[in-house]
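Fold and geometry: a report
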Amino acid sequence: MWNLLFGKLTWNSLPHVWYTIGGTLTLMLMGAVAAAVLTYTKRWKWLWNEWLTSTDPKRIGIMYIIVALLMLFRGALDAIMIWMQQALSVGSSTGYLSADHFQQIFTAHGDIMVFFATMGLLVGLMNLVVPLQIGARDLAFPFLNTLGFWLYVAGAILINMFFVFGGDFAATGWLAQAPLSELQFSPGVGVDYWIWSLQVSGLGSLLAGLNFLVTILKMRAPGMTLMRMPLFVWTTLCSSILVVTVFPILAITIAMLTLDRYLGMHFFTTTNGGNPMMYINLIWMWGHPEVYILVLPSFGIFSEVVSTFSHKKLAGYTSQVLAAIFVTILSLMVWLHHFFTMGAGADVNAIFGISTMIIAIPTGVQIFNWLSTMYRGRIVLSSSLYWFLGFVATFTFGGIAGVLLASPTADYQLHNSLFLVAHFHTMIVGGALFGLFAGITYWFPKFMGFKLNEKLGKTAFWFWLTGFFLAFIPLYILGYMGATRRLDHYTNPAWQPLFIISVLGFMVILAGVTTQILQIIISIKNRKQNMDLSGDPWDARNLEWATSSPPPFYNYAVIPEVHGRDAFWEMKKEMKENPQPANVEYKDFELPKNTPFGIYLAGFALLFGFAMVWHMFLIAGIGFVGMMVCLIIRAFDEETEYILTAQEIAKLEQERKDHIYA
């Protein structure tokens, strides 16, 4: 009975080494501070009713961003530990981490940054912006939106629970390479934490992708054809198609690994007919499109930013759309370049090498379109545009390295080296993260009602750009010199100065992060001087700027009609030509009610995942039954929407106008 209840969980599983004790105390302290603040301010009910159970995509988007920023901080702690170990562990010195602990940190860093930091920021911005840009009041499936968010949170909690229970995470690399992730080589629960945290959060990502796909295809405002959609909506659509296509591959691959570990099957083992190379194929069939899932929406953000701050319509709109589509298609055809060394043969390697080089063409088209947009434009060098210019520098640099790696002959020398690590970070940080920073800065006044401090934003940018090159160019050089990835110790003293320079680069990036935190604090303090009363602080072009800042919970009192690209720009031109305001007739419409079932379902999913990690099968059964009961109750609930009447809308709109002009 004890084993049925507690499985492999024992007293020895509780924190007993410095990093698990420190992690546990930190988590407890953060929880205690949050609870104390909410109790002191009497905000528990407000938090539950207004935020945690909300189906408003704007509030869900803000919660995504908050959790993602916390996970970004968590991943950054792993990064500095990796860098410090590599700077210290040379020759007779073994640094301050054991080899196994280093590999665990390396694994956690990659998973947290990809699945929980960058992905969270991305889906958060999508929630904030996409419904407004297409003239919709909500997403197609509001309940799936809140459920997806809470599954993401459950996964984020589960991937950090090894601090409290177990003490060890997977030491297998961020994609849990088989056969290293099999029981024969990883008998502990670290890989199981990896499995269930990614399965839970991955389901949330799949629901988000499906939701945005249907929303964009079915809920656009009248007159908004596909070729009138903003580029951010287009790239969100492409990213969502990739999510729906490849996340099932990830789920099935992890499920097969789970069957190996739990039921003694042999999909990816080294014995009894298992094929570890099949795991590498399957995981990268998800893994490489995931890079474009993260990067494509940032391309859409840059299209918005460049057009707005150049005061010109985007050059080559059609070619930009086609380029995004081609990148989406080609991203599904290049995964084998991650393992040219597997011995597939010259013909196979050549096909994947050529397709990898070809993908640079549509990407280059987009960059030239952005630069053409800026040409002879009335450019305003805002901090958002700074992030775009930094992206051009970093992404071009990383893209050249990518074309080099696309050659199988070069890749044979550079595979599994720090050159590859530097290239990957150049694409994700310079491409995805810089784009997300640009988007947050650009849309911040829309959703918070005031602008961020521009001077501090530009200062943060320079810290980030300088620190990034200082941190990662040494890794390119070290890769050429033979330094491999996941390297916890080395004997060549000539490498150490470059590792130390790389650490200094991270410190400069840390100064940039500190400046960003200071930027937010000072902007909040001085928000009255930087209030956005117009709803359009940048003289922008798309529909989201047609609403007040922040927008009402229903987004639009009247769904706008679209008559061309840059819909809001066309509206402003029409208003100048015909300044007489039209009579507005409000109509009743339905909105989704708030619901706690997303939290309940994700809570049971967290319980199920944790119990499966420790083979607590009775408790896992309770978690599974709880999920099914919640789903059934929700499915039979017919009171999930309410009517906002025309009279209520008129009153809310008048109150909003009175507040703006007060």
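Residues numbered from 1 in each chain as written. Predicted model: local features only at pLDDT ≥ 70, side-chain atom pairs only at ≥ 80, totals over all residues. Heavy atoms only, no water.

**As for the overall build of the protein chain**
Using the following cut-off: Strands are runs of DSSP state E lasting at least two residues, helices are runs of H or I lasting at least four, and both sets are numbered from the N terminus onward. Note on method: radius of gyration uses C-alpha positions; expected globular size equals 2.2 Å times residues raised to 0.38. Here the term buried applies to any residue with accessible area under 20% of the maximum for its type, exposed to any over 50%, and partly exposed to those in between, with areas from a 1.4 Å probe on protein chains only. Only heavy atoms matter for contacts: two residues are in contact if any of them lie within 4.5 Å across the pair. The protein chains shown are the only cover counted for residues, whose accessible areas, like all others here, come from Shrake-Rupley with a 1.4 Å probe. Positive charges are assigned to Lys and Arg, negative charges to Asp and Glu, while His and the chain termini are left out of the count. We put the charge of a Lys on NZ, of an Arg on CZ, of an Asp on CG and of a Glu on CD.
For the protein chain, the count of helices and strands is 21 helices and 2 strands. In terms of C-alpha radius of gyration, the protein chain reaches 25 Å, essentially the compact-globule figure of 26 Å for 662 residues. Taken along the three principal axes of its C-alpha coordinates, the protein chain extends 80 × 60 × 45 Å. Counting the 662 residues in the protein chain, one finds 56% classified as buried. Residue pairs in contact within the protein chain that sit at least 24 positions apart in sequence constitute 84% of those at least 6 positions apart. By element, 69% of the accessible surface of the protein chain is carried by carbon and sulfur atoms, the whole surface being about 28200 Å². Looking at charge distribution, the protein chain has the averaged site of its 36 positive side-chain charges lying 8 Å from that of its 36 negative ones.

**Concerning the nonpolar core**
Heads up, the rule is: Definition of nonpolar core: a set of buried residues of the types Ala, Val, Leu, Ile, Met, Phe, Trp, Tyr and Cys, connected through side-chain atoms within 4.5 Å.
Core analysis: the biggest nonpolar cluster contains 190 residues, and Tyr-193, Trp-194 and Phe-391 have the highest contact counts within it. Discounting chain neighbours no more than four positions away, the residues touching Phe-391 are Phe-299, Phe-302, Ile-367, Trp-370, Thr-396, Gly-430, Gly-431 and Phe-434. Grouped together as the second largest cluster of nonpolar side chains are 8 residues, Leu-591, Leu-644, Ala-646 and Ile-649 included.

**Quick notes on unusual backbone geometry**
The phi angle of most residues is negative, glycine excepted, and most peptide bonds adopt the trans form. In this model, Ala-178 is joined to Pro-179 through a cis peptide bond whose omega is 10 degrees. Along the chain, the position of Pro-179 falls in the loop between α6 (142-160) and α7 (190-218). Put simply, Ser-549 and Pro-550 share a cis peptide bond, and its omega is -10 degrees. Relative to the assigned elements, Pro-550 resides in the loop between α17 (496-525) and α18 (567-577). Backbone geometry at Asn-272 places phi at a positive 55 degrees, although glycine is not the residue there. Here Asn-272 is to be found in the loop between α8 (231-263) and α9 (276-310). Within the chain, Asn-555 stands out as a residue other than glycine whose phi angle is a positive 65 degrees. Of note, Asn-555 is situated in the loop between α17 and α18. We classify Asn-555 as buried; its relative accessible area is 3%.

**A closer look at the packing of helix α4 (residues 57-88) against helix α5 (residues 99-133)**
Spelled out, the test is: Helix axes use the C-alpha atoms of the stretch in contact, all axes being lines fitted to C-alpha atoms, and the angles between their N-to-C directions lie in the range 0 to 180 degrees. Roughly parallel means an angle under 35 degrees; roughly antiparallel means over 145; roughly perpendicular covers 65 to 115; every other angle is labelled oblique. Take the far helix as your reference; a near helix turned counterclockwise from it by less than a right angle gives a left-handed crossing, and one turned clockwise gives a right-handed crossing. In this classification, the charged set is Asp, Glu, Lys and Arg, the nonpolar set is Ala, Val, Leu, Ile, Met, Phe, Trp, Tyr, Cys and Pro, and all remaining amino acids, among them Gly, are polar.
Between α4 and α5, whose axes approach to 7 Å, the crossing angle comes to 155 degrees. When the axis of α4 is compared with that of α5, the two are roughly antiparallel. Judged by the sense of rotation from one axis to the other, the crossing of α4 with α5 is left-handed. Taken together, the residues of the contact of α4 with α5 break down into 26 nonpolar, 9 polar and 3 charged.

**Details of the side chain of Ser-201**
With respect to the helices and strands, the residue Ser-201 is situated in helix α7. The residues touching Ser-201, leaving out its near neighbours within four places in the chain, are Phe-116, Leu-151, Tyr-152 and Gly-155.

**Topic: α9**
At 3.6 residues per turn, the α-helix brings residues three or four places apart onto the same side. Test applied: By this rule, a helix spans an expected 1.5 Å times one less than how many residues it contains. The quantity called bend is, for any residue, the angle between two axes fitted respectively to the seven residues ending at it and the seven beginning at it.
Counted at 1.5 Å a residue, the expected span for α9 with its 35 residues is 51 Å, and the 51 Å between its end C-alpha atoms agrees. For α9, the principal kink sits at Trp-284 and spans about 30 degrees. For α9, the buried fraction is high: 31 of the 35 residues fall into the buried class.

**Things to note about the packing of aromatic side chains**
Convention followed: Only the six-membered ring of Trp is used, alongside the rings of Phe and Tyr, when aromatic pairs are assigned; centres must lie within 6.5 Å, and planes under 30 degrees apart are stacked while those over 60 apart are edge-to-face, with the rest tilted. Our definition puts a charge over a ring when NZ of Lys or CZ of Arg is within 6 Å of the ring centre and also within 35 degrees of the ring normal.
What the rule picks out here adds up to 60 aromatic pairs. Aromatic pair Tyr-490 and Trp-495: ring centres 5.8 Å apart, planes at 40 degrees, arrangement tilted. Assessed through its relative accessible area of 3%, Tyr-490 is described here as buried. Here the basic side chain of Arg-43 rests over the ring of Trp-46, its NZ or CZ set 4.5 Å away from the ring centre.

**Quick word on the pattern of salt bridges**
The following threshold applies: Throughout this description, the term salt bridge denotes a Lys or Arg side-chain nitrogen within 4 Å of a carboxyl oxygen of Asp or Glu.
Tallied over the entire structure, the rule returns 7 salt bridges. The closest approach of N and O atoms between Arg-261 and Asp-192, which form a salt bridge, is 3.0 Å. Taken together, the residues Arg-261 in helix α8 and Asp-192 in helix α7 connect sequence positions 69 residues apart. Asp-192 matches Arg-261 in its accessibility class, with the two residues each being buried. In this structure, the salt-bridge partner of Asp-536 is Lys-572, at a minimum N-O distance of 2.9 Å. Linking Asp-536 in the loop between α17 and α18 with Lys-572 in helix α18, this pair joins segments that are 36 residues apart in sequence. A residue is classified by how much of its surface remains accessible, and Asp-536, at 14% relative accessible area, is buried.

**What to know about α8**
The end-to-end C-alpha separation of α8 is 47 Å, in line with the 48 Å expected for 33 residues at 1.5 Å each. Along α8, the helix axis deviates most sharply at Val-246, where the bend reaches about 30 degrees; the proline Pro-248 sits within four residues downstream. Positive phi shows up at Gly-264, right after α8, with a value of about 70 degrees.

**Some words on the packing of helix α11 (residues 346-358) against helix α12 (residues 360-374)**
Between α11 and α12, the least distance of the axes is 5 Å, while the angle of their chain directions is 5 degrees. On the basis of their axis angle, the class for α11 and α12 is roughly parallel. Of the residues in α12, those in contact with Thr-356, Met-357 and Ile-358 of α11 are Ala-360, Ile-361 and Pro-362. Considered class by class, the residues forming the contact of α11 with α12 number 5 nonpolar, 1 polar and no charged.

**Considerations on a nonpolar patch on the surface**
Condition: The patches described consist of residues with a relative accessible area above 30% and no salt bridge, like charges being joined within 9 Å and nonpolar side chains (Val, Leu, Ile, Met, Phe, Trp, Tyr) within 5 Å.
On the surface, a cluster of nonpolar side chains totalling about 760 Å² of accessible area is made up of Phe-624, Val-625, Met-628, Val-629, Leu-631, Ile-632, Ile-633 and Phe-636. Looking at where Ile-633 falls in the secondary structure, it is placed in helix α20 (residues 617-635). Look at Ile-633 and you get partly exposed, because its relative accessible area is 45%.

**Focus on the environment of Val-429**
Within the secondary structure, Val-429 is located in helix α15 (residues 418-448). Note on Val-429: relative accessible area 12%, which makes it buried. Residues Val-429 and Phe-450, 21 residues apart in the sequence, show an inter-C-alpha distance of 27 Å. Setting aside its immediate chain neighbours within four residues, Val-429 contacts Phe-434, Trp-464 and Phe-468.

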